[in-house]
Amino acid sequence: MIDMHTHTWYSDGTLSPTQLVKMAKEKGIETLAITDHDGTFGLAEGEAAARELGIHFINGLEFSVELPVDEVGAMVYTHILGYGIDPSNGRLHEKILGIREQRKARNHKMLAALHELGYSLSKEEMQLYPGQDYIGKPNFARALVAAGYAEDVSEAFCSERMMASPLIKSIHRDKINGAEAIDLIKGAGGYAALAHPYQISYRGKWEDDPQVFFKKLTQTIEALVNLGLSGMECCYSSHSRKQESALLTLADKYRLTVTAGSDYHGPGMKKNVELGGVHGS
Ligand code: AMP
Ligand code: ZN
Ligand code: FE
Ligand code: FE
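Quick look at the structure, then. Worth saying up front: this structure is predicted, and the values here are computed from it rather than measured.

Surveying the vicinity of ligand 1 reveals the residues Asp12, His37, Arg103, Arg106, Gly136, Lys137, Pro138, Phe157, Arg173, His265, Met269 and Lys270. Contact between ligand 1 and lysine 137: an oxygen atom at 2.8 Å from a main-chain N or O atom of the residue. The side chain of arginine 173 places a nitrogen or oxygen atom 3.1 Å from an oxygen atom of ligand 1. Its free accessible area being 510 Å², ligand 1 has 76% of it covered by the protein chains. Most atoms of ligand 1, that is more than half of them, are within 2 Å of grid points of the largest pocket. Of all the secondary-structure elements, those providing two or more residues to the shell around ligand 1 are helix H3 (90-116) and helix H5 (137-146). Grouping the constituent residues of the shell around ligand 1 by class yields three nonpolar, three polar and six charged.

Written out as structure tokens, the structure is:
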């Protein structure tokens, strides 16, 4: 049993690293990676808890990136996982701090936008513990539920009156370049893997192309491989068997290490996602 894609409250998950590792132990997970967004702050605690419970622990993180795919004139948006990174690497640490600062500016805009939509939330209502400095959309969704505006997190996410409103969707956040993300991960002694490949999105010439999604995905993988990608998350909580086997074939073709992850964010945060649930239906 393995889960190489999980989030804690050091990004937008709801469990502490210790709680997550304990849950992993209860589920019989033998190898666990914590892959918080734009941060390594939960790794030391996770590693200590894992050592105590006899779980093999992998340092990880997840970057949201943009990647120009030049041959087709498209900009691809995707997520890159980093494994085996050294959290004390100076360049990685500096970059993470910068990204987290930008996120704070975006959160101010989202709070104001929600206020405009009729939802009054405070920064404190978004935090799981005093001083929590990483707040993402799932934290907003949780706060909307806690304040009684939505039944559950997925309603808050999907409602066009809440997180799916055009106003909220228009508030973007800067993404780092894919080449830079892979370079940072490798520079910190780690390996880069493409997260949930079926979730890539894009804008540019591709849009008026009659090509199918899988071709675009293949071109994206090729571009990432040229930048030093080492692995791919073929097994993922929402992949169908067909998607999983298509990705396994691509991983084989491009000599990529196969990884497996659930993207667990804590109880009730994502529908049909459980810790250790790395295969979809
Ligand atoms: P942000 O980084 O603040 O833009 O938020 C993106 C995060 O929201 C990612 O971790 C996604 O996994 C999460 N997310 C996006 N859509 C949903 C959804 N429908 N339900 C739960 N989480 C979601
Ligand atoms: Zn997340
Ligand atoms: Fe992701
Ligand atoms: Fe994730």
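Moving on from the model shown.
With 51 residues, the main nonpolar core has Leu32, Phe63, Ile80, Leu92, Ile221, Met232 and Leu275 as its most contacted residues. Among the elements that line this core, the one with the most residues is strand E3 (residues 56-69), at six residues. When neighbours within four sequence positions are excluded, isoleucine 80 is seen to be in contact with Leu61, Glu62, Phe63, Val65, Ile182, Ile185, Ala192, Ala193, Leu194, Leu224 and Leu229.

This part takes up the coordination of the iron ion (ligand 3). Binding of the iron ion (ligand 3) to the protein goes through Glu62 (OE), His79 (ND1) and His196 (NE2), at separations of 2.1 to 2.2 Å. For the iron ion (ligand 3), the donor residues sit on a single chain with the sequence spacing E-x16-H-x116-H. A separation of 3.3 Å is found between the iron ion (ligand 3) and the iron ion (ligand 4), both of which receive a donor from glutamate 62. In this pair, glutamate 62 is assigned in strand E3 and histidine 79 in strand E4 (residues 74-83), connecting sequence segments 17 residues apart. Given the relative accessible area of 22%, histidine 79 is considered partly exposed.

By rolling a water-sized probe across the atoms, one finds the places where empty space is left. Roughly 1,100 Å³ of volume is contained in the largest pocket. As for the largest pocket, its lining consists of 33 residues, and the residues nearest its centre are His79, Arg106, Lys137, Phe157 and Arg173. The element best represented in the lining of the largest pocket is E3, accounting for four residues. Of the residues contributing to the lining of the largest pocket, the split by class is 10 nonpolar, 11 polar and 12 charged.

Cut-offs and rules
Residues numbered from 1 in each chain as written. Chains lettered and ligands numbered in written order. Predicted model: local features only at pLDDT ≥ 70, side-chain atom pairs only at ≥ 80, totals over all residues. Heavy atoms only, no water. Near = heavy atom within 4 Å. Polar contact = N/O pair within 3.5 Å; in protein donor to acceptor, adjacent residues only side chain to side chain. Areas by Shrake-Rupley, 256 points an atom, 1.4 Å probe, with all protein chains shown as cover. 1 Å grid on protein atoms, 1.4 Å probe; cavity = no way out; pocket = protein on both sides within 12 Å on 5 of 7 lines; lining within 4 Å. Sits in = over half its atoms within 2 Å of the grid points. Helix = DSSP H or I, 4+ residues; strand = E, 2+ residues; numbered from the N terminus. Nonpolar A, V, L, I, M, F, W, Y, C, P; charged D, E, K, R; others polar. Core = buried A, V, L, I, M, F, W, Y, C linked by side-chain atoms within 4.5 Å. Buried < 20%, exposed > 50% of the residue type's maximum accessible area, 1.4 Å probe, protein only. Contact = heavy atoms within 4.5 Å. Donors = N, O, S within 2.8 Å, 3.2 Å for Na, K, Ca; no water. Points joined across faces, edges and corners; volume = space filled by probe spheres on them.

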